[in-house]
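# Notes for the structure review
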Amino acid sequence: MGLDAVREVGQAVGAAHLFTYLVPEGAQEAAEFGVTDRGPAYLAFRSAALGAVPWQVTLAAFYNFSPRAVRAMDGVWDAASPERWQAARFRAVGRAMRRVGVRVPADRLAEARSLIDPVVAAADYAGKPLAAANASVALPADPLVALWQQITVVREWRGDAHLVVLADNGVGPCDCLVLHTAAGGPPAALVRTTRRWNDEEWAAATARLVARGWLDARATDADTPLARTLGLTDAGAAARERMEAETDAHCAALWAPIGDAGARRLAALLTPITDAFTAAGTFRTVRPT
């Protein structure tokens, strides 16, 4: 299995899954349960497949959230059961897809399922808690939402694998976020708001990455660790790419049932989902221009 094909399908899967965390339909469904805080709603939707586990289990599976962020979800299972949150998630996904006009012809939808279903069925879920939980969820009747749920399984499988790579490389939960934002990911202010790392924790993670030679903290007029412009060094860029490549290597076995050609074809079949949400402006807050 070629790692270029693994990277291509991994990126396509991630892009086709992402919209669910950004669309207003999710907030609307959560509000029906009386949950109006975006953080607990996100955690409830994404962890619903795990069931009503203690918050510590969710923290372990999500990795880059602070403990205070995950503890804020206390009470979500009292507002509604995990099964009701999962059903609401499917409703939000279906409503959002219809709103932005996602169009996947029936023959291409069937082809996409013929490729992704064997991957989900043959996957090894050892050490992949979020992927395993999502694989256990019954698929909804809506064919497009059912495809999205299969996308979710393989997206979480890669995410579970990536967390192992981060831990093996000594990149902690806050450190990986600092590195990601410095590499051109979502704005640091957005990430810190959703993951709830405080000033001291963010500054400490920054200092660790600077000490490793992965970040170059260039001082500004207000010379504090949080007021510096963080630049990714060549060593930092190389380390980040190496960890992505290690994740791709781990994921090669996942995509082996359909091979390079099947993986690339699936990536192409998923583009209408991403294209529709891109055209609707869904990703503006997390993709810097």
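In every chain, residue numbers begin from 1 and rise along the written sequence. Only residues with pLDDT of at least 70 get local features here, since the model is predicted, and only at 80 or more are side-chain atom pairs given and counted; chain-wide, interface and lining totals rely on the full set of residues. Think of the side-chain values as coming from all heavy atoms in the structure, minus any hydrogens and water.

## Notes on the overall build of the protein
The test is simple: A helix here means a DSSP run of H or I that spans at least four residues, while a strand means a run of E at least two residues long, and both kinds are numbered starting from the N terminus. Relative accessibility under 20% of the residue-type maximum defines a buried residue, over 50% an exposed one, and the middle range a partly exposed one, all with a 1.4 Å probe and only protein chains included. Accessibility throughout is a Shrake-Rupley quantity obtained with a 1.4 Å probe, and a residue counts as covered only by protein chains that appear here. Positive charges come from Lys and Arg, negative ones from Asp and Glu, while His and the chain ends are left out of the count. Here the site of a charge means NZ on Lys, CZ on Arg, CG on Asp, or CD on Glu.
Within the protein, the regular secondary structure consists of 16 helices and two strands. Dimensions of the protein along its principal axes, counting C-alpha atoms only, are 55 × 45 × 35 Å. Looking at the 289 residues of the protein, the share that counts as buried comes to 49%. Carbon and sulfur atoms make up 55% of the accessible area of the protein, which amounts to about 12700 Å² in all. Charge-centre separation for the protein: the mean point of 30 positive side chains lies 3 Å from the mean point of 31 negative side chains.

## What to know about the side chain of N64
Note the threshold: Polar contact criterion, stated in full: a pair of N or O atoms within 3.5 Å, where within protein one must be able to donate a hydrogen and the other to accept it, and residues adjacent in sequence count only if both atoms are side-chain atoms. Contacts are assigned to residue pairs that have any heavy atoms within 4.5 Å of one another.
Within the element layout of this structure, N64 appears in the loop between helix 4 (55-62) and helix 5 (67-71). Take N64: its relative accessible area is 16%, and that puts it in the buried class. At 3.3 Å, the side chain of N64 forms a polar contact with the side chain of R195. Filtering out sequence-adjacent residues up to four positions away, N64 remains in contact with P173, C176, L177, R195 and W197.

## Focus on the packing of helix 8 (residues 106-122) against helix 15 (residues 259-269)
Relative orientation and spacing of two packed helices are given, respectively, by the angle between their axes and the distance between those axes. Cut-off, in case you're wondering: Whenever a helix is involved, its axis is fitted only over the stretch in contact; in every case the axis is a line through C-alpha atoms, and angles between N-to-C directions fall within 0 to 180 degrees. Angle categories: roughly parallel below 35 degrees, roughly antiparallel above 145, roughly perpendicular from 65 to 115, and oblique for all the rest. Throughout, a crossing is termed right-handed when the near helix is turned clockwise from the far one, and left-handed when it is turned anticlockwise from it by less than a right angle. Polarity classes work like this: nonpolar for Ala, Val, Leu, Ile, Met, Phe, Trp, Tyr, Cys and Pro, charged for Asp, Glu, Lys and Arg, and polar for all others, with Gly in that last group.
Helix 15 packs onto helix 8 with a crossing angle of 140° between their chain directions and a minimal axis gap of 10 Å. In terms of their interaxial angle, helix 8 and helix 15 are classed as oblique. With respect to the hand of their crossing, helix 8 and helix 15 are arranged in left-handed fashion. On the side of helix 8, the interface is formed by R108, E111, A112, L115 and I116, while helix 15 contributes G262, R265, L266 and L269. Across the contact of helix 8 with helix 15, the residue classes tally to five nonpolar, one polar and three charged.

## Describing helix 8
Let me state the cut-off plainly: For a helix, the expected span equals 1.5 Å multiplied by the residue count minus one.
Helix length check: helix 8 (17 residues) gives 24 Å between terminal C-alpha atoms against 24 Å at 1.5 Å per residue, within 8%. Of all the positions in helix 8, only L109, A112, L115, I116, V119 and V120 are classed as buried. In this structure, the buried side of helix 8 is in contact with helix 10 (143-168), helix 14 (234-255) and helix 15.

## Here we look at the pattern of salt bridges
Filter applied, for reference: The salt bridge definition used is simple: a Lys or Arg side-chain nitrogen within 4 Å of an Asp or Glu carboxyl oxygen.
Under the counting rule described, the total for this entry stands at 17 salt bridges. For E156, the salt bridge goes to R46, with nearest N and O atoms at 3.0 Å. Placement of E156 in helix 10 and of R46 in helix 3 (residues 38-47) is noted, with a sequence separation of 110 residues between them. By relative accessible area, E156 is classed as buried at 0%.

## Looking at the confidence of the model for the protein
How we decide: pLDDT expresses, on a scale from 0 to 100, how confident the predictor is about each individual residue.
The pLDDT averaged across the protein works out to 93; a share of 94% of its residues lies at or above 70. pLDDT under 50 marks residues 219-228. Its contacts with residues more than four places away, or in other chains, come to 13 contacts.

## Examining the side chain of E29
Take E29: it is sitting in helix 2 (residues 24-31). Here the side chain of E29 touches R95 through a polar contact of 3.1 Å, side chain to side chain. Dropping the residues within four chain positions of it, E29 is found in contact with F45, A88, R91, A92 and R95.

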